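Working through the structure, step by step
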Amino acid sequence: MLKFPLFLFILLMMPLPALAYMGPGAGITAIGCLIALVAGLWYTLKGFLWLPLKRLLGFGKDQQQDLPQAAEQTPQTSAQAQSAKLEDSK
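Only a predicted model underlies this, so the values are computations on that prediction, with no experimental measurement involved.

What counts and what doesn't
- For every chain, the first residue of the written sequence is number 1, and numbering continues from 1 along that sequence.
- Thresholds applied to this predicted model are a pLDDT of at least 70 for local features of residues and 80 or more for the giving and counting of side-chain atom pairs; totals over whole chains, interfaces and linings are not thresholded and use all residues.
- Remark: hydrogens and water are excluded; side-chain values derive from all non-hydrogen atoms of the structure.
- A run of H or I in DSSP counts as a helix once it spans at least four residues, and a run of E counts as a strand once it spans at least two, with each numbered from the N terminus.
- Per-residue and other accessible areas were derived by the Shrake-Rupley procedure at a 1.4 Å probe size, with only the shown protein chains allowed to occlude residues.
- In this scheme, a helix's expected span is set at 1.5 Å multiplied by one less than its residue total.
- Partly exposed residues are those whose accessible area sits between 20% and 50% of the maximum for their type, while under 20% is buried and over 50% is exposed, using a 1.4 Å probe and protein chains only.
- Axes are fitted to the seven residues ending at a residue and to the seven starting at it; the angle between these axes is taken as the bend at that residue.

Counting its regular elements, the protein contains five helices and zero strands. When the helices and strands of the protein are listed from N to C terminus, the series reads α-α-α-α-α. Counting every atom, the protein has about 9000 Å² of accessible surface; 70% of that belongs to carbon and sulfur.

Shown next as structure tokens:
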């Protein structure tokens, strides 16, 4: 009973010659595709799982509290900034 699955496992684990050649261009392409796949999976997991989880758990709230203070300041136009520079230089 146990002999057949064991025989099948050993048979499948035996190496067989491939009789194939993979040139340098195909090898570099395969390595590049593998790196791109890993990077794509990494950024997908980071974007769809980690960032919403981080926002949900409240990491980085100290940085977000500084934003309303910056929003209270009125932005200057380039003409106002230039006139302020001229006044400061006098």
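Right, let's talk about helix α5 (residues 78-89) for a bit. Given a rise of 1.5 Å per residue, twelve residues ought to cover 16 Å, and the 17 Å separating the end C-alpha atoms of α5 matches this to within 8%. Burial runs low along α5: only zero of the twelve residues are buried.

Moving on to helix α2 (residues 24-57). Three or four residues apart is the spacing at which side chains of an α-helix point the same way, because the helix has 3.6 residues per turn. Over its 34 residues, α2 runs 47 Å from end to end, which matches the ideal 50 Å to within 8%, given 1.5 Å per residue. The largest bend along α2 reaches roughly 35° and is located at Lys46. Where α2 ends, the next residue or the one after it, Gly58, has phi of about 90°, a positive value.

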